[in-house]
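Per-entry structural report
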Number of protein chains: 2
Amino acid sequence: MLIGALLRVPAQAIHRRIINELNAAGFDDLRVPHMAVLQFPGPDGVRPGVLAERAGMSKQAMNQLLRSLEGLGYIARSDSKDDGRTRVVRFTTRGRQAYSKIADILRDIEREWTAELGPKRFAELKALLVRVWESPLPW
Amino acid sequence: MLIGALLRVPAQAIHRRIINELNAAGFDDLRVPHMAVLQFPGPDGVRPGVLAERAGMSKQAMNQLLRSLEGLGYIARSDSKDDGRTRVVRFTTRGRQAYSKIADILRDIEREWTAELGPKRFAELKALLVRVWESPLPW
DNA sequence: TGAGACGGTAAACTAAATTTACTACAATGT
DNA sequence: ACATTGTAGTAAATTTAGTTTACCGTCTCA
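The structure reproduced in this document is the subject of the present report. (Residues numbered from 1 in each chain as written. Chains lettered and ligands numbered in written order. Predicted model: local features only at pLDDT ≥ 70, side-chain atom pairs only at ≥ 80, totals over all residues.)

1. Notes on the overall build of chain A
For chain A, the count of helices and strands is six helices and two strands. Projecting the C-alpha coordinates of chain A onto the three principal axes gives extents of approximately 50 × 40 × 25 Å. Out of the 139 residues in chain A, the part that is buried amounts to 27%. Put simply, of all contacts in chain A between residues at least 6 apart along the chain, 43% involve residues at least 24 apart. (Helix = DSSP H or I, 4+ residues; strand = E, 2+ residues; numbered from the N terminus. Buried ≥ 20, exposed ≤ 12 C-beta atoms within 10 Å, placed from the backbone. Contact = placed C-beta atoms within 7 Å.)

Here you go:
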């Protein structure tokens with residue numbers, strides 16, 4: 001089994017579960033593409049262009065998502081003070097609630113994995129993934 | 001750092017790298033959506049409906065991808081012998097080459113991660129991910 | 001042997017992305 | 001000071017990708 005599938009399959013499963021539980025928790029106007037915005041570390045205080053780069057999509061595509069999320073009342077785009085070109089994305093209360101719900105779901109998942117692997121092995125798994133994260137590998 | 005991002009970010013990076021290197025290696029007519037078909041464990045000998053379920057998409061969407069890949073010469077769809085309803089996807093030579101190239105790229109990535117983490121820790125990481133894979137967790 | 005289920009396919013529609021093009025502002029250089 | 005170049009964001013038009021709806025042929029089993 002190669003590392004690609006080993007990472008992809010659980011990552012996808014987590015992604016779907018987040019969307020489902022978010023919808024079930026009353027945030028039922030959030031769709032799959034919106035997740036590109038809500039992904040860690042979240043859009044609060046960040047400029048649209050940076051969000052686009054993080055999500056690996058064009059600024060225009062990100063802008064459509066932001067407009068949609070703004071219309072749904074999850075975020076607001078405000079002008080920046082010091083630089084007239086830039087704007088900053090801010091969570092509304094509802095947006096913050098949704099983001100916080102995602103963290104809840106992820107903590108549930110972590111609890112389940114801990115129960116399955118045992119606390120020590122789960123900690124080890126996370127530690128290794130953090131090492132990869134912090135390494136200078138090409139990504 | 002929660003498990004969602006720790007899995008998602010490297011998985012996405014690997015995905016992009018596979019597409020880029022595949023394109024650079026001469027398979028430049030393969031696009032992002034085609035990857036849903038080429039994902040482990042590959043489509044060879046598998047029915048369209050099963051591939052759709054694996055990829056988490058409708059049978060119709062999968063069918064469009066298969067038609068596209070058939071037009072590009074990567075796969076063929078042949079009638080099944082025993083069941084007149086079913087068809088089976090088969091790699092062409094070119095398809096097998098592409099699939100094998102993906103495995104090459106993944107092995108390169110594994111080598112890099114091994115160099116970064118050390119062979120022991122990389123083996124440990126994979127072993128833990130396999131444990132998650134084989135566990136009865138809801139995914 | 002006929003009703004219903006299954007597997008696959010296609011057309012039409014919807015959703016979501018990119019391409020192209022533009023505006024506003026900032027930074028730089030002369 | 002002002003023209004030039006670059007940056008950030010946005011929007012319209014287009015392309016791409018996916019779902020919904022509908023259908024046909026084949027299998028199963030009562």
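2. A closer look at the protein's contact with DNA strand D
The environment of DNA strand D is formed by 23 residues, the closest being Arg47 and Gly49 of chain A together with Gln60, Ala61 and Gly84 of chain B. Every element with two or more residues in the surface near DNA strand D is listed here: helix 3 (48–55) and helix 4 (59–71) of chain A together with helix 4 (59–71) of chain B. Of the residues assigned to the surface near DNA strand D, the class counts are six nonpolar, eight polar and nine charged. (Near = placed C-beta within 6 Å. Nonpolar A, V, L, I, M, F, W, Y, C, P; charged D, E, K, R; others polar.)

3. Some points on the packing of helix 1 (residues 3–24) of chain A against helix 6 (residues 119–134) of chain B
Think of two packed helices as two axes; the pair is described by the angle between the axes and how far apart they sit. Helix 6 of chain B packs onto helix 1 of chain A with a crossing angle of 45 degrees between their chain directions and a minimal axis gap of 10 Å. The orientation of helix 1 of chain A relative to helix 6 of chain B falls into the category oblique. For helix 1 of chain A against helix 6 of chain B, the interelement crossing comes out left-handed. Taken together, the residues of helix 6 of chain B that come into contact with helix 1 of chain A (itself represented by Ile3, Leu6, Val9 and Pro10 of chain A) are Lys126, Leu129, Val130, Val132 and Trp133 of chain B. (Axes fitted to C-alpha atoms, helices over the stretch in contact; angles between N-to-C directions. Parallel < 35°, antiparallel > 145°, perpendicular 65-115°, else oblique. Left-handed = near helix turned anticlockwise from the far one by under 90°.)

4. Topic: the interface of chain B and chain A
With 35 residues of chain B at the contact, the number on the chain A side is 35 residues. Only helix 1 (3–24), helix 5 (93–117) and helix 6 of chain B provide two or more residues apiece to the side of chain B that touches chain A. Take the side of chain B that touches chain A: its biggest share by element is 11 residues, from helix 1 of chain B. Looking at the side of chain B that touches chain A residue by residue, the classes come out as 25 nonpolar, two polar and eight charged.

5. Topic: the environment of Gly118 of chain A
Within the secondary structure layout, Gly118 of chain A lies in the loop between helix 5 (93–117) and helix 6 (119–134). Separated by 104 residues in sequence, Gly118 of chain A and Ile14 of chain A have C-alpha atoms that sit 19 Å apart.

6. A closer look at the protein's contact with DNA strand C
Neighbouring DNA strand C are 23 residues; Ser58, Ala61 and Gly84 of chain A together with Arg47 and Gly49 of chain B lie closest to it. Secondary structure elements with two or more residues in the surface near DNA strand C: helix 4 of chain A together with helix 3 (48–55) and helix 4 of chain B. Across the surface near DNA strand C, the residue classes break down as six nonpolar, eight polar and nine charged.

7. Side note on helix 5 of chain A
Residue and element names in this part refer to chain A. With 25 residues, helix 5 should cover 36 Å at 1.5 Å per step; its first-to-last C-alpha distance of 36 Å lies within 8% of that length. Looking only at helix 5, the buried set comprises Gly95, Ala98, Ile102, Ile109 and Trp113. The first or second residue beyond helix 5 is Gly118, which carries a positive phi of 95 degrees. (Expected span 1.5 Å × (residues − 1).)

8. A closer look at the relation of the copies chain B and chain A
Superposition record for chain B on chain A: RMSD 0.1 Å, screw rotation 180 degrees, translation along axis 0.0 Å. Both copies of the chain, as the preceding transformation shows, are related through a two-fold rotation axis. Mapped onto chain A, 100% of the interface residues of chain B again fall at the interface, so both copies present the same surface. (Least-squares fit on C-alpha atoms with pLDDT ≥ 70 in both.)

9. Remarks on the environment of Ile102 of chain B
By the secondary structure assignment, Ile102 of chain B is in helix 5. Each C-alpha atom, one on Ile102 of chain B and one on Gln39 of chain B, is 9.1 Å from the other, the two residues being 63 residues apart in sequence.

10. Thoughts on the nonpolar core
Core analysis: the biggest nonpolar cluster contains 61 residues, and Leu7, Leu66 and Ala98 of chain A together with Leu7, Leu66 and Ala98 of chain B have the highest contact counts within it. Those residues within four positions of Leu7 of chain A in sequence are excluded, and the remaining contacts are Leu7, Pro10, Ala11 and Ile14 of chain B. (Core = buried A, V, L, I, M, F, W, Y, C linked by C-beta atoms within 7 Å.)

11. Brief notes about the environment of Thr114 of chain A
For Thr114 of chain A, the position within the fold is in helix 5. Residues within four places of Thr114 of chain A in sequence aside, it is in contact with Pro119 and Phe122 of chain A.

12. As for helix 6 of chain B
Under the 1.5 Å per step criterion, the end-to-end length of helix 6 of chain B is 22 Å for 16 residues, consistent within 8% with the ideal 22 Å. Turning to helix 6 of chain B, its buried residues are Phe122, Leu125, Leu128, Leu129 and Val132 of chain B. The arc that holds the buried residues of helix 6 of chain B, viewed along the axis, is 125 degrees, so those residues lie on one side. Exposed residues lying more than 90 degrees from the buried face of helix 6 of chain B are Pro119, Lys120, Ala123, Ala127, Val130 and Glu134 of chain B. Residues of helix 6 of chain B that are buried sit in contact with helix 1, helix 5 and helix 6 of chain A together with helix 5 of chain B. (Arc of directions from axis to C-beta.)

13. Digging into unusual backbone geometry
A cis amide bond, omega 0 degrees, links Phe40 of chain A with the succeeding residue Pro41 of chain A. Among the secondary structure elements, Pro41 of chain A is positioned in the loop between helix 2 (35–38) and helix 3.

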